[in-house]
Amino acid sequence: MDLDFDRRHIWHPYTSTLTPLTCYPVTSAQGVFLKLEDGRELIDGMSSWWSAIHGYNHPHLNQAAHQQIDAMSHVMFGGMTHQPAIDLCKKLLALAPDNLQHVFLADSGSVAVEVSLKMALQYWHAKGESRSKFLTLRDGYHGDTFAAMSVTDPDNSMHSLYKGFLPEHIFARSPQTGFWQEWNERDIEDFKHKITEHHRDIAAVILEPIVQGAGGMRIYHPQFLQRVRQLCDEFNVLLILDEIATGFGRTGKMFACEHAAIEPDILCVGKALTGGYMTLSATLTSSNVANTVCGGEAGCFMHGPTFMGNPLACAVATASMELLERNEWQQQTKQIERLFSDLLPKLKQHDLVADVRWLGAIGVIETKRPVNMEAIQAHFVDQGVWIRPFAKLIYMMPPYISEPEHIEKLVDAVELALKNPHLFQ
Ligand code: PLP
């Protein structure tokens with residue numbers, strides 16, 4: 001592969017064109033393995049950023065893609081519809097919380113978030129109320145487009161860089177009580193204070209249920225989410241749940257909000273929606289929100305991307321839902337959770353470890369010092385695994401089909417890294 005061209009001309013996520021980090025050339029992927037150009041096979045611990053839940057090159061997903069590409073890859077969604085979109089939306093509505101009745105298909109996670117925020121703004125506009133603020137949590141992450149960034153943690157997403165351009169929203173303290181700890185009612189106080197003070201201006205609360213992902217890999221208590229739902233009801237504020245990272249079984253439930261037995265007014269999904277095959281996302285909402293939005297001045301919802309409802313993506317997503325309907329994911333994520341709960345606590349004895357946590361098919365090691373990205377990435381590749389940490393977080397989100405020996409190998413590679421201080425800054 002022409003890695004020199006790649007280095008000189010191609011921008012990779014969150015990297016510099018001046019001092020790009022090493023990129024490892026991948027030629028194919030199968031099951032839980034990523035094959036490098038030099039023939040080495042790495043056990044995947046990332047599911048390609050939470051998306052490849054069934055593993056790579058899955059026959060059922062491949063078949064759906066082949067079948068659909070021979071019929072049509074894409075056709076505009078304005079004024080037309082097709083079976084792949086209908087099949088997918090039927091399945092999504094069957095899986096999602098019961099109150100959600102309308103699906104808006106979009107291109108990526110960030111766009112699903114933009115759509116959700118626009119829905120909330122249009123909802124209040126239609127009701128004749130001017131509400132333009134969103135209440136969210138510190139340490140959250142909702143994407144890299146502007147509105148999504150405006151509700152993402154201000155420090156992590158460097159709001160200072162875009163000051164004057166980004167709308168300013170309200171941030172409450174992130175939950176401090178961990179998923180497995182005893183609930184402390186004080187945890188909700190700051191959120192309660194902010195919703196009490198600002199509710200007349202707040203169009204919606206937006207947050208990631210149970211797991212705050214890219215903003216810190218924090219796994220919090222379901223009671224926090226229950227209290228948020230109660231407070232949103234009490235103050236008549238919409239609740240948007242961003243399940244883009246957590247949806248489709250990752251936390252051991254189909255949707256993370258099930259841990260708290262609550263329903264959102266608006267739900268965003270993406271990432272694993274197509275089993276990691278291609279980009280597609282969806283924003284689901286209740287009839288109350290949809291009908292209010294469309295009963296307003298605009299008479300419709302003002303959004304419609306070119307590739308909305310892409311049939312190829314919908315067909316693969318439907319096939320991914322079919323795999324989930326086989327219900328093997330429950331057993332698989334339970335097994336991965338059990339392995340993490342057996343293997344991660346002993347890592348705490350290492351000097352470099354600040355905390356370990358896990359839930360479903362998510363395992364996190366928080367370190368006291370930030371990783372040296374170049375060095376630790378090379379270490380993991382040498383160990384035959386693919387784990388991509390950031391800052392002080394080494395985390396694993398393996399495909400659900402991972403066997404115990406794969407998880408053990410991932411954790412062994414992390415343990416070896418912890419014994420090598422030069423892999424950290
Ligand atoms: N919301 C959450 C919770 C995410 O984790 C992400 C991506 O990591 C996004 C939104 C943005 O999704 P995308 O990268 O597909 O735009």
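The structure displayed is predicted, hence computed values, not measured ones. (Residues numbered from 1 in each chain as written. Predicted model: local features only at pLDDT ≥ 70, side-chain atom pairs only at ≥ 80, totals over all residues. Heavy atoms only, no water.)

Asks: Give a detailed account of the overall build of the chain, specifying residues and quantitative values.
Replies: Along the chain, the regular secondary structure elements total 13 helices and 16 strands. For a compact globule of 425 residues, the expected C-alpha radius of gyration is about 22 Å, and the chain comes in at 21 Å, within 12% of that figure. Each of the three principal axes of the chain carries a C-alpha extent, and together these read 60 × 55 × 45 Å. The proportion of buried residues among the 425 residues of the chain is 55%. Put simply, 71% of the contacts in the chain that link residues at least 6 apart link residues at least 24 apart. A total of about 18,600 Å² of accessible surface is found on the chain, and carbon and sulfur atoms cover 52% of it. Across the chain, the mean location of the 35 positive side-chain charges is 4 Å away from that of the 49 negative side-chain charges. (Helix = DSSP H or I, 4+ residues; strand = E, 2+ residues; numbered from the N terminus. Rg over C-alpha atoms; globule rule 2.2 N^0.38 Å. Buried < 20%, exposed > 50% of the residue type's maximum accessible area, 1.4 Å probe, protein only. Contact = heavy atoms within 4.5 Å. Areas by Shrake-Rupley, 256 points an atom, 1.4 Å probe, with all protein chains shown as cover. Lys, Arg positive; Asp, Glu negative; His and termini not counted. Charge placed at Lys NZ, Arg CZ, Asp CG, Glu CD.)

Asks: Residues and numbers for the sheet that holds strand 14 (residues 362-367), please.
Replies: Sheet strands pair via backbone hydrogen bonds, and the direction of the pair is either parallel or antiparallel. Judged by pairing direction, the sheet is antiparallel, and its three strands sit side by side in the order 13-14-16 without closing on themselves. Bordering the open sheet on either side are strand 13 (353-359) and strand 16 (393-396), each of which pairs with just one other strand. Across the sheet, the axes of successive neighbouring strands diverge by a mean angle of 10 degrees, strand direction being ignored. Pairing of strand 13 with strand 14, which is carried by six bridges, proceeds in the antiparallel orientation. Paired with R357 across the two strands is V364, which belongs to strand 14. Set on the sheet, helix 11 (residues 328-343) makes contact with strand 13, strand 14 and strand 16; between it and strand 13 the angle comes to about 160 degrees. (Pairing = 2+ DSSP bridges. Axes fitted to C-alpha atoms, helices over the stretch in contact; angles between N-to-C directions.)

Asks: Explain the state of the cysteines to me, using residue names and the numbers behind them.
Replies: By definition, a disulfide links two cysteine residues through a covalent bond between their sulfur atoms. The final tally for this structure, using the stated rule, is zero disulfides. No disulfide involves C89; its nearest neighbouring cysteine sulfur is the one of C314, lying 6.5 Å away. Looking at C232, it has no disulfide partner, and the nearest cysteine sulfur is the one in C257, 13 Å off. (Disulfide = S-S within 2.5 Å.)

Asks: Kindly report on the site of the ligand, identifying the contributing residues and their values.
Replies: As a matter of local geometry, the ligand sits amid S108, G109, S110, Y141, H142, G143, E208, D242, I244, A245 and K271. Here an oxygen atom of the ligand sits 2.9 Å away from a polar atom, N or O, in the side chain of K271. For the ligand, whose unbound accessible area comes to 390 Å², protein coverage reaches 81%. (Near = heavy atom within 4 Å. Polar contact = N/O pair within 3.5 Å; in protein donor to acceptor, adjacent residues only side chain to side chain.)

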